[in-house]
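Descriptive structure summary
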Amino acid sequence: MASEKLLKELNDQFNFELLSGYYYMAMAAYCESEDLSGFANFFIVQAQEEYTHAMKFFDFINDMGGRVTTQAMEEPKNDYDSLVETFEVALDHEKLVTSKINKLMDLAREENNYPSISFLQWFIDEQLEEENSMETILIKLKRMDGNFQGIYMLDKELAARTLEPIE
Ligand code: FEO
């Protein structure tokens, strides 16, 4: 139902979504070490969301007759100088995910693989939200310019984030 090449790229993305969650768990650990449990919660929920993304690929690869394989994961960046740096890295990471999803869509289109095109469209839409979410917080943090009152208010807001079910 899909070429070996397409199945391999889908499997790579399955692994990359898991790696993304690992990245965000490292960011959560940094925030917790700074006693910012709301920011930590934001990244923990983000890590959980990445796991749900990975599972979408897991299920789709199996539905397409492929075989999922896990890969070695690189060590994420654990040390950050500031919350601003954390969200800069998070935004850059989401841009990288977007470029990978776009390349996957290009390949699915080249192969006229309609199930994959339909499947990947969800991720195209999702990536717009993912980038916007990181960028919005980054802009707020830059405007606060280290103002503790603002940071603690935002920390409180982010403490309320919960994992939303995905269809
Ligand atoms: Fe699954 Fe944040 O990309």
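Located above this text is the structure these notes cover.
The structure reproduced in this document is the subject of the present report. Everything quoted here is computed from the prediction, not taken from an experiment.

What follows covers the pattern of salt bridges. Going through the model one piece at a time under the given rule, you end up with five salt bridges. Among the ionic pairs, Glu88 bridges to Lys142, the shortest N-O distance being 3.8 Å. Of this pair, Glu88 sits in helix H3 (residues 83–110) while Lys142 sits in helix H4 (residues 114–144), and the two are 54 residues apart along the sequence. For Glu88, a relative accessible area of 32% corresponds to the partly exposed category. With its nearest N and O atoms 3.7 Å apart, the salt bridge here joins Glu157 to Lys140. Taken as a pair, Glu157 in helix H5 (residues 148–158) and Lys140 in helix H4 lie far apart in primary sequence, 17 residues in all. A relative accessible area of 32% places Lys140 in the partly exposed class.

The next thing to look at is unusual backbone geometry. For Asn112, which is not glycine, the phi dihedral falls at a positive 50°. Considering the arrangement of structural elements, one finds Asn112 in the loop between H3 and H4. A positive phi angle is found at Asp145, which is not glycine, with a value near 50°. Looking at where Asp145 falls in the secondary structure, it is placed in the loop between H4 and H5. By relative accessible area, which is 68% here, Asp145 ends up exposed.

Here the focus is the packing of aromatic side chains. Applying the stated criterion across every chain yields a total of 13 aromatic pairs. Ring geometry for Tyr30 against Tyr80: centres 5.6 Å apart, planes inclined by 55°, an arrangement best described as tilted. Of this pair, Tyr30 sits in helix H1 (residues 4–33) while Tyr80 sits in the loop between helix H2 (37–63) and H3, placing them 50 residues apart in sequence. Measuring from centroid to centroid gives 6.1 Å for Phe39 and Phe87, while their planes differ by 70°, and the two rings are edge-to-face. You can see Phe39 sitting in helix H2 and its partner Phe87 sitting in helix H3, a full 48 residues away along the chain. The buried category is assigned to Phe39, whose relative accessible area is 0%. Put simply, the rings of Tyr24, Phe39, Phe42, Phe43 and Phe87 pair up and form one aromatic cluster. Geometry around Trp122 places Lys56 over its ring, the cationic atom sitting 4.3 Å from the centre.

Within the secondary structure layout, Glu131 lies in helix H4. Within the buried core, Glu131 has no salt-bridge partner, and the shortest N-O distance to an opposite charge, that of Lys95, equals 5.5 Å. Apart from residues lying up to four places away in sequence, Glu131 is in contact with Leu91, Glu94, Lys95 and Thr98.

Glancing now at the nonpolar core. Where a protein is soluble and globular, its nonpolar side chains tend to be buried together. Judged by nonpolar contacts, the single largest core of 25 residues is most densely connected at Leu10, Phe57 and Leu120. If one sorts the elements of this core by residue count, H1 sits on top with seven residues. Counting 24 residues, the second largest nonpolar core, distinct from the first, contains Ala28, Phe42, Leu138 and Leu154.

So, about the side chain of Gln46. With respect to the element layout, Gln46 can be found in helix H2. The exposure class assigned to Gln46 is buried, which follows from its relative accessible area of 1%. Beyond its immediate sequence surroundings of up to four residues, Gln46 is in contact with Tyr24, Glu94, Glu130, Met134 and Arg161.

What counts, and where the lines are drawn
- Residues numbered from 1 in each chain as written.
- Predicted model: local features only at pLDDT ≥ 70, side-chain atom pairs only at ≥ 80, totals over all residues.
- Heavy atoms only, no water.
- Salt bridge = Lys/Arg side-chain N within 4 Å of Asp/Glu carboxyl O.
- Helix = DSSP H or I, 4+ residues; strand = E, 2+ residues; numbered from the N terminus.
- Buried < 20%, exposed > 50% of the residue type's maximum accessible area, 1.4 Å probe, protein only.
- Phe/Tyr/Trp six-rings, centres within 6.5 Å; stacked < 30°, edge-to-face > 60°.
- Lys NZ or Arg CZ within 6 Å of the ring centre and 35° of its normal.
- Lys, Arg positive; Asp, Glu negative; His and termini not counted.
- Contact = heavy atoms within 4.5 Å.
- Core = buried A, V, L, I, M, F, W, Y, C linked by side-chain atoms within 4.5 Å.

Interpretation note: all reported values are geometric properties and have no functional meaning in isolation.
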